[in-house]
Structures are given as C-alpha cells and as structure tokens.
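Read off the chains here:
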Amino acid sequence: MSVHTCASSARILEEAKQFAAEEIRPLAAEIDVKGELPRSLIDNMAQRGYLAASWPEEYGGLGLDPVTYGLFTEQIGKACSNTRALLTVQTSLLGETMLRFGTDAQKRIWLPQMARAGKLGAFALSEPNVGSDAKNVQTTYRKEGDRYILNGSKKWISFAAIADFFVVIASDTNGQITSFIVEREREGVHTIPMTGMLGNRAVHIAEIRLDEVEVPAENVLGNVGGGFTYIVSTALDHGRYSIAWAGVAIAAEALEAMVTYARSRSQFGEKLHHFQLVKGMIGDAVTKVHAARSLCLAAGEMRRSGAADAIHETAIAKYFTSKVAVEVTNDTVQIHGGNGCRNEYPAERLFREAKVLEIIEGTSQIQQQVISQYGLRKYAVKKQKAIRTRKDA
Amino acid sequence: MENKQKIRDFIESNLVVFEDEAVFSDDDHIFQMGFVNSLFAMKLLGYIEQEFGITVGNEDLDIANFSTLNNIVRLIEKHKQEV
Ligand SMILES: Cc1cc2nc3c(=O)[nH]c(=O)nc-3n(C[C@H](O)[C@H](O)[C@H](O)COP(=O)(O)OP(=O)(O)OC[C@H]3O[C@@H](n4cnc5c(N)ncnc54)[C@H](O)[C@@H]3O)c2cc1C
C-alpha cells in the first residue's frame, strides 16, 4: 500500500488496475480505430462508481480524496486515453464544479444520474473563434422574464455528440459571463459530430449550435456573471488535475511499451536495450515518468489539504506531465522503429494521444504564463527590511 | 494576526504586477487596478473558505464582494456572524 492512500482507497485502486487490465486495455486499440466509446464500457464503469470516483457517497460516488483519485485516473488512463477522458469531463470538470457551485436541486437532479451514466454531460466553452482567449466567448445570452435565451456556436466539445446535457458558457451584451445547464432536448440545440482528430478519437467530439435556445433561471450554474471567474476557473482547475495524471498515465504506458520492445527486439545480434543510445532514451523516460508522478502527487497532496497554491501546482503538473508524455511517447515510437509507425503496436496511438494533452484544458503556452506569474511573485527575493534598518542605524 | 492583515498578506503574495511600488489601499479595487487576475478570484475564494471556515454561497459570489480589502473583510464578518 502506498503512503499516499488509505486501505479502502488502496483496494479501489487495485480493483481499478485489474479492471483496466481486463476490461479496458484489450479494447483500447479498437476504441481508437472505431472512434466510439462502447456504451457497455461506460455502463460497466458507472456500476462500479467510477464515473463519480471523487464525489461523496451521497451522490453515488466513491469518495476518493484528490491523491487517490489522481492515482485512479492514472490506472484508467494508462489503459485507454479515450476512456480516461470520460472521467476528465464527467467526474472532474462537470461533477466537481457542480458539487461546489450547483444548487441543492441541481446536485440532487444531475449528480446521481451522472454517476449512473443515466445522463452524460459536456463542458462547452471553446468556440470556432475563441480558444485560449476564453473570456471573450461569443455565444450570447439575454434575459427575457425569468428565462434566458442562448445563441451561438461551440466547437471541439468532448462528448457533445452523445451528451444528454451541456454546460454552456455564454456572455451578455455587457460581457458578463454566465454558465447554463442546457438539456439536449431543448428546441434550437443541434450537435454536429467532428471526425478526423489526431487523438481523443473516441470522445465523441462535436460542435454545438444554439439557436434561440430557452432555458429557465434555475438552469444557471453558479451565479449570474460568475461563469468565467468561478465556473470556468473551477472546471478547468479540476480538468487540469485530471490531465496532469493523464500525462503520467500515457508516459508510464509508453515506458512499459518501450522497455518491452527494447528487451525483445534484436539488431546486430543484440537486444536493443544493449545499445547505449537506446539506454539513454530508457533512462530519460524512467526519470521523466517518476518526476511527472511526483509533481502530480505533490499537487494532489496540496489539493487534499486545501492549500491555496494547489491551483498553481496543478498547472505546473499539467504543463510538465503533458510535455513528458509527448517526449516519452516520441522516444517510444523511435525505439519501435517501423513498428512505431503502425497501429499494430500501441506506440503511435500513445504518441497521438500525448500531443492532445498539450492543447486541452489550457495550452502549454497558457500554462507557462500562469506559472511564470506565480514564479515571479513566489521567487522574488524579499527586501530584508530589518537588516537594512540595523545597518542604517 | 487580525483578519485584514491576513488577507492583505494573501493578496500581496498573489499580485500579478511586479513593480515594487505596487501598493493598494483598503478600498482600492484590486481587480480593476489589474493587480490580480481572474484565477486569483477562485484562489481567494478557496483561501477565505479554508482559512476562516466559512462557505460562501452563490448569492455572495458577486465580484464586488471581493473587489477591495474592506469588502472581503465585510464578507467574512457577515458569514462568521451567520455561523
Ligand atoms: C481533443 C480535444 C478535446 C477538446 N475538448 C473540449 C471540451 O470538451 N470543451 C471545450 O470547451 N473545449 C474543448 N477543446 C478545445 C480546447 O480547449 C482548445 O483547443 C484550446 O483551449 C486551445 O484553443 P484553440 O484551439 O482555439 O487555440 P488558440 O487559442 O487559437 O491557440 C493557438 C496557439 O496559439 C497559442 N496562444 C494563444 N494565445 C496565446 C498567448 N496569449 N500567448 C502565447 N501563446 C498563445 C496557443 O498556445 C496555441 O499554441 C478540445 C480540444 C481538443 C483538441
């Protein structure tokens, strides 16, 4: 048992590892090729409480603390990135945000159904013309009586093609951003599935068109005007934590694939791992995976204790692990040679999935900005007032 | 340490302007002055809830309640009285 988890959590982690090995990993290649997450797998995960792993038991959750939830995400993500994405969106982005800012009624209605996979959701922030500059969403809302009317387009929305509801981020004419729960069946809601993705091919990405969609006031999530400050910030913070572990997961899976291949393939009469240059890549990969996991654990511990800097440490972890995932999967493809370029081996899929992590939940460049602001303050050498006073005296 | 000083220290340790002369009064709007960013709003909320053992409901999330040092102190005192 790890020092980071208690006995019951350790049991859940062990079960998740076994479940991933038996029920998810064997399907991962097919899921990627078909571009579809099997409904039976989603239901199977729901039955085990996995879709609500970090939520309290009263909403059907397993009550995992942030550290254990991270380690759990790693297990699922190692087996299949597309399946892990379900946790990122349902459990982390939507569920955690609703737990914090949802009204009692919203929590009672949505969370138990989401836990059972009776309702799947999608987080609709990005638009055709708005990505990193998320505060400038062009989807609009206006209030008419006690209803809100939404208009606009969302793009790149994971699970939007199959979701039962969307959390839509929109702006009024004064630039006040608010988030709304929008059920699929509302008139004026259309989704258009997107294909041809580099990675995340089975997360049912779609565009959403909203044409004079009416929602009642009780569908506002959080406060009116707090859509960006609280809802988007909270959702993306939880999303980043999930993606940080997704990076560890992909890098760790790639490392295993790299080692397995280097120990089995021979050239020049020697196994690949005998070559110094190959050893260099393996040594680097081991170091990077360990460092990436350490950062995630540190961020997880801070989240568990409620430390204010956890937000920044999470951004650091997300930035680093997604970079590491790209580097390690790159070397995994390299060590596989031609076999790394074909889908007979998982290397190419891991490589594609890794790259996506540097773009979603805030690109690496946006993380660098956030982290540098944190560092410019945190590592500024404070003026030693007391010492100067003594010297001056 | 009194609440106001605790919060001032917290804000100062999160300023996103790095000039040494960046100073703010108890009634300055720290968001409008560009001294903090939107990520800070969420961090501040978490800090207040953790440090002072309160839960801020949606009805009090209006940014005006967090815009100045005095407003933040008022919000905390209001919640502490309610407990
Ligand atoms: C697989 C996948 C799943 C997704 N799922 C969702 C989802 O579920 N919900 C959702 O809302 N969105 C989703 N997205 C969208 C994703 O969040 C955006 O793609 C991402 O935020 C980047 O926005 P963009 O693509 O518009 O790129 P842009 O913002 O146009 O950025 C393009 C490039 O410019 C750089 N850049 C931009 N601004 C700056 C700056 N100020 N300084 C330095 N560099 C800068 C970026 O880092 C990037 O390299 C998904 C995307 C993908 C690929």
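Keep in mind the model is a prediction, meaning the values are calculated, not measured.

Thresholds, definitions, all that
Residues numbered from 1 in each chain as written. Chains lettered and ligands numbered in written order. Predicted model: local features only at pLDDT ≥ 70, side-chain atom pairs only at ≥ 80, totals over all residues. Heavy atoms only, no water. Helix = DSSP H or I, 4+ residues; strand = E, 2+ residues; numbered from the N terminus. Rg over C-alpha atoms; globule rule 2.2 N^0.38 Å. Buried < 20%, exposed > 50% of the residue type's maximum accessible area, 1.4 Å probe, protein only. Contact = heavy atoms within 4.5 Å. Areas by Shrake-Rupley, 256 points an atom, 1.4 Å probe, with all protein chains shown as cover. Lys, Arg positive; Asp, Glu negative; His and termini not counted. Charge placed at Lys NZ, Arg CZ, Asp CG, Glu CD. Near = heavy atom within 4 Å. Polar contact = N/O pair within 3.5 Å; in protein donor to acceptor, adjacent residues only side chain to side chain. Nonpolar A, V, L, I, M, F, W, Y, C, P; charged D, E, K, R; others polar. Domains from an automatic or database assignment. Buried area = accessible area lost by both parts, 1.4 Å probe. Salt bridge = Lys/Arg side-chain N within 4 Å of Asp/Glu carboxyl O. UniProt positions renumbered as here; feature names shortened; annotations may be inferred. Phe/Tyr/Trp six-rings, centres within 6.5 Å; stacked < 30°, edge-to-face > 60°. Lys NZ or Arg CZ within 6 Å of the ring centre and 35° of its normal. Expected span 1.5 Å × (residues − 1). 1 Å grid on protein atoms, 1.4 Å probe; cavity = no way out; pocket = protein on both sides within 12 Å on 5 of 7 lines; lining within 4 Å. Points joined across faces, edges and corners; volume = space filled by probe spheres on them. Pairing = 2+ DSSP bridges.

Q: Please clarify how the overall build of chain A should be interpreted in this entry.
A: When helices and strands are counted, chain A shows 11 helices and 10 strands. For a compact globule of 393 residues, the expected C-alpha radius of gyration is about 21 Å, and chain A comes in at 22 Å, within 12% of that figure. If you line up chain A on its principal axes, its C-alpha atoms span 80 × 75 × 45 Å. Split into buried and exposed, the 393 residues of chain A put 55% on the buried side. The long-range fraction of contacts in chain A, counting pairs at least 24 apart against all pairs at least 6 apart in sequence, stands at 73%. As displayed, chain A offers around 17,200 Å² of accessible surface, 51% of which is attributable to carbon and sulfur atoms. One finds the centroid of the 46 positive side-chain charges in chain A at a distance of 7 Å from the centroid of its 44 negative side-chain charges.

Q: Hey, could you run me through the site of the ligand in this one?
A: All names here are of chain A. Taken together, 17 residues are adjacent to the ligand, and Ser126, Ser132, Trp156, Thr363 and Gln365 come closest. Within the contact set of the ligand, a nitrogen atom lies 2.8 Å away from a side-chain nitrogen or oxygen of serine 158. Threonine 363 places a polar side-chain atom, nitrogen or oxygen, 2.6 Å from an oxygen atom of the ligand. Starting from 970 Å² of accessible surface for the ligand in isolation, the protein chains cover 64%. Of the residues that constitute the shell around the ligand, the class distribution is 9 nonpolar, 8 polar and no charged.

Q: Could you clarify how one ought to interpret the domain arrangement of chain A in this entry?
A: One frequently used descriptor of interface size is the decrease in accessible area upon assembly of the parts. Residue and element names in this part refer to chain A. Segmenting chain A into domains produces domain 1 (7–119), domain 2 (122–225) and domain 3 (228–378). Contacts between domain 1 and domain 2 engage 21 residues on the former and 19 residues on the latter. Summed over both sides, the interface of domain 1 with domain 2 buries roughly 1,700 Å², with 69% coming from carbon and sulfur. At the junction of domain 1 and domain 2, the tally comes to 0 salt bridges. For the pair domain 1 and domain 2, the number of links is 5 residue pairs in polar contact (both at pLDDT 80 or more). Broken down by element, the side of domain 1 that touches domain 2 gets its largest block of residues, 10 residues, from helix 4 (residues 81–101). Tallied by class, residues from the side of domain 1 that touches domain 2 come to 11 nonpolar, 6 polar and 4 charged.

Q: I would appreciate a short explanation of the UniProt feature "domain: Acyl-CoA dehydrogenase/oxidase C-terminal" (unreviewed entry) in chain A in the present structure.
A: This chain's UniProt record puts "domain: Acyl-CoA dehydrogenase/oxidase C-terminal" (unreviewed entry) on residues 225–373 of chain A. Span residues 225–373 of chain A is 78% helix and 3% strand, its end C-alpha atoms 25 Å apart.

Q: Before we go on, may I ask you to explain the packing of aromatic side chains in this structure?
A: Pairs of aromatic rings are described using the distance from one ring centre to the other and the angle between the two planes. Taken as a whole and judged by the stated rule, the model has 17 aromatic pairs over all chains. Note on tyrosine 69 of chain A and phenylalanine 72 of chain A: the rings are 6.3 Å apart at their centroids and 25° apart in plane angle, and the pair reads as stacked. You can see tyrosine 69 of chain A and its partner phenylalanine 72 of chain A sitting in helix 3 (residues 66–79), 3 residues apart, about one turn around the helix. By relative accessible area, which is 0% here, phenylalanine 72 of chain A ends up buried. Sitting above the plane of the phenylalanine 24 of chain B ring, arginine 8 of chain B keeps its charged end 4.4 Å from the centroid.

Q: Just checking my understanding: could you explain helix 7 (residues 276–305) of chain A for this structure?
A: Because an α-helix completes one turn every 3.6 residues, residues spaced three or four positions apart along the sequence face the same direction. Residue and element names in this part refer to chain A. A rise of 1.5 Å per residue sets the reference length of helix 7, with its 30 residues, at 44 Å; its end C-alpha atoms lie 43 Å apart and thus fit the reference within 8%. Within helix 7, the full set of buried residues consists of Val278, Met281, Ile282, Ala285, Val289, Ala292, Cys296, Leu297, Ala299, Gly300 and Arg303. Where helix 7 is buried, its residues meet helix 3, helix 6 (227–264) and helix 8 (310–336). Glycine 306 occupies a position one or two residues after helix 7 and carries a positive phi of about 75°.

Q: It is not clear to me how empty space enclosed by the protein should be interpreted in this structure. Could you clarify?
A: Empty space left among the atoms is revealed by rolling a probe the size of a water molecule over them. Residues and elements named next belong to chain A. This structure, assessed with the given rule, holds 1 cavity of 30 Å³ or more. Taken as a whole, the largest cavity encloses approximately 40 Å³ of empty space. In this structure, the largest cavity is lined by Gly77, Lys78, Cys80, Ser81, Ile250, Arg349, Leu350 and Glu353. Elements represented by at least two residues in the lining of the largest cavity include exactly helix 3 and helix 9 (347–357).

Q: I'm lost on the pairing of strand 5 (residues 177–183) of chain A in this one. Help?
A: A regular strand carries its side chains on alternate faces of the sheet. All names here are of chain A. Summarising burial for strand 5: 7 of the 7 residues are buried, a large majority. The two faces of strand 5 match: Ile177, Ser179, Ile181 and Glu183 on one face and Thr178, Phe180 and Val182 on the other face are all buried. Of the pairings in the sheet, the one linking strand 4 (residues 165–171) to strand 5 comprises 7 bridges and is antiparallel in character. Counterpart to alanine 170 in the pairing with strand 5 is threonine 178.

Q: I'm lost on the pattern of salt bridges in this one. Help?
A: Any two side chains of opposite charge can pair, given that their charged atoms come close. Taken as a whole, this structure holds 29 salt bridges over all chains when the rule is applied. Glutamate 348 of chain A is the partner of arginine 352 of chain A in a salt bridge, and the nearest nitrogen-oxygen pair spans 2.9 Å. With arginine 352 of chain A and glutamate 348 of chain A both in helix 9, this residue pair falls 4 residues apart, about one helical turn. Taking the shortest distance from any N to any O, the salt bridge between arginine 8 of chain B and glutamate 12 of chain B comes out at 3.3 Å. Residue arginine 8 of chain B and its partner glutamate 12 of chain B are both found in helix 1 (residues 3–12); the two are separated by 4 residues, about one turn of the helix. You can call arginine 8 of chain B buried: its relative accessible area is 16%. On the accessibility criterion, glutamate 12 of chain B (33% relative accessible area) is partly exposed. Three or more residues are tied together by salt bridges with common partners; here these are Arg25, Lys78, Glu253 and Glu256 of chain A.

Q: Sorry, what's going on with the interface of chain B and chain A here?
A: At the interface, 25 residues of chain B touch 24 residues of chain A. Carbon and sulfur atoms make up 57% of the area that chain B and chain A hide from each other, which totals about 2,000 Å². At the junction of chain B and chain A, the tally comes to 2 salt bridges. Measuring nitrogen to oxygen at the nearest pair gives 2.7 Å for the salt bridge that ties lysine 43 of chain B to aspartate 309 of chain A. Broken down by secondary-structure element, the contributors of at least two residues to the side of chain B that touches chain A are helix 1 and helix 2 (38–52) of chain B. No other element matches the 9 residues that helix 2 of chain B contributes to the side of chain B that touches chain A. Tallied by class, residues from the side of chain B that touches chain A come to 14 nonpolar, 6 polar and 5 charged.

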